[in-house]
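Given next are the chains, with one letter for each unit.
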Amino acid sequence: MSAKIANIQRTLLSDNWYVLNKYSYDLKRKNGELVHQEREVYDRGNGATILLYNRAKGTVILINQFRMPTYVNGNESGMLLEACAGLLDADTPEDCIRREAIEETGFEIGEVEKLFAAYMSPGGVTELVHFFAAEYLPEQRIYAGGGIDDEDIEVLEIPFKDALAMIADGRIKDGKTIMLLQQAQIKGWFE
């Protein structure tokens, strides 16, 4: 069932970092009634994320970096433990995640598995995130990682069981990372 909307008007609110628009429109409800709504929509482009894992060692590669929105929302350090990720820009999801893996973690990965795609905050953000996983080997690390430009990323190799415990005790609060770690658990990659 597709939504029936009419009289769409868009107002640009900001084009500073990414694009923030205000949309005004009439939505036709199931009973036929029209209701006027206004929503702000943040368009930052689509992204991709990947869980790098090593079955033999029982480990995953995660990164730790400062995230201003979490700081503003009560995360005192602003640091967030998360899976490697980035915006697609002009790349395909797979090309993006290969680029990001090298930039952020230093690993030049081989075969990747596409898991699924998901909207992470559909109430206000357009971004569709493509989820991947790949096994890594120590010899695939071609440099230290840490990001590019103004990024300051710490690369961590964490036992999978510890990563799951970090979800339970609140040290991992990033949605995409939680979803990837749970996929690894569901698929039995570390049994």
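Criteria and thresholds
- Residues numbered from 1 in each chain as written.
- Predicted model: local features only at pLDDT ≥ 70, side-chain atom pairs only at ≥ 80, totals over all residues.
- Heavy atoms only, no water.
- Phe/Tyr/Trp six-rings, centres within 6.5 Å; stacked < 30°, edge-to-face > 60°.
- Buried < 20%, exposed > 50% of the residue type's maximum accessible area, 1.4 Å probe, protein only.
- Helix = DSSP H or I, 4+ residues; strand = E, 2+ residues; numbered from the N terminus.
- Pairing = 2+ DSSP bridges.
- Axes fitted to C-alpha atoms, helices over the stretch in contact; angles between N-to-C directions.
- UniProt positions renumbered as here; feature names shortened; annotations may be inferred.
- Salt bridge = Lys/Arg side-chain N within 4 Å of Asp/Glu carboxyl O.

Trainee: Mind showing me how you'd approach the packing of aromatic side chains here?
Mentor: Centre distance and the angle of the planes are the two values used to describe a pair of aromatic rings. Following the criterion strictly, the structure yields 8 aromatic pairs and no others. With 5.6 Å between their ring centres and 80° between their planes, W17 and Y18 make a pair best called edge-to-face. W17 sits in the exposed class, given a relative accessible area of 65%. Among the residues examined, Y18 registers a relative accessible area of 23% and is labelled partly exposed. Taken together, a centroid distance of 6.2 Å and an interplanar angle of 80° make the contact between Y18 and Y42 edge-to-face. Of the two residues, Y18 is situated in the loop between β1 (4–14) and β2 (19–28) and Y42 in strand β3 (residues 34–43); the sequence distance between them amounts to 24 residues.

Trainee: Looking at this structure, how should I read the sheet that holds β1?
Mentor: Strands belonging to one sheet form pairs held by backbone hydrogen bonds; the direction of such a pair is parallel or antiparallel. Taken in spatial order, the 3 strands of this open sheet run β1-β2-β3, and their pairing is antiparallel. A single partner strand is all that each edge strand has here, and the edge strands are β1 and β3. On average, each strand axis in the sheet is tilted by 20° relative to the strand beside it, whichever way the strands run. In terms of strand pairing, β1 meets β2 through 8 bridges, oriented antiparallel. Each residue of the ladder has a partner; that of T11, found in β2, is K22.

Trainee: Where do I start with the UniProt feature "domain: Nudix hydrolase" (unreviewed entry) in the protein chain in this structure?
Mentor: Within this structure's numbering, the places UniProt gives as "domain: Nudix hydrolase" (unreviewed entry) are residues 43–180. What you have in residues 43–180 is 24% helix and 33% strand, and the ends, taken at the C-alpha atoms, are 24 Å apart.

Trainee: Explain the pattern of salt bridges to me, please; I cannot follow it from the model alone.
Mentor: Pairing of side chains with opposite charge becomes possible as their charged atoms draw close. Across all of its chains, the model carries 14 salt bridges by this definition. Between R98 and E94 there is a salt bridge, with the nearest N and O atoms lying 3.1 Å from each other. Of the two residues, R98 and E94 are both situated in helix α2 (residues 93–105); the distance of 4 residues between them amounts to about one turn of the helix. Given a relative accessible area of 25%, R98 falls into the partly exposed group. You can call E94 partly exposed: its relative accessible area is 34%. For D169, the salt bridge identified is with R171, shortest N-O distance 2.8 Å. By relative accessible area, D169 is classed as partly exposed at 44%. A single salt-bridge network, built from bridges that share partners, covers R67, E82, D174 and K176.

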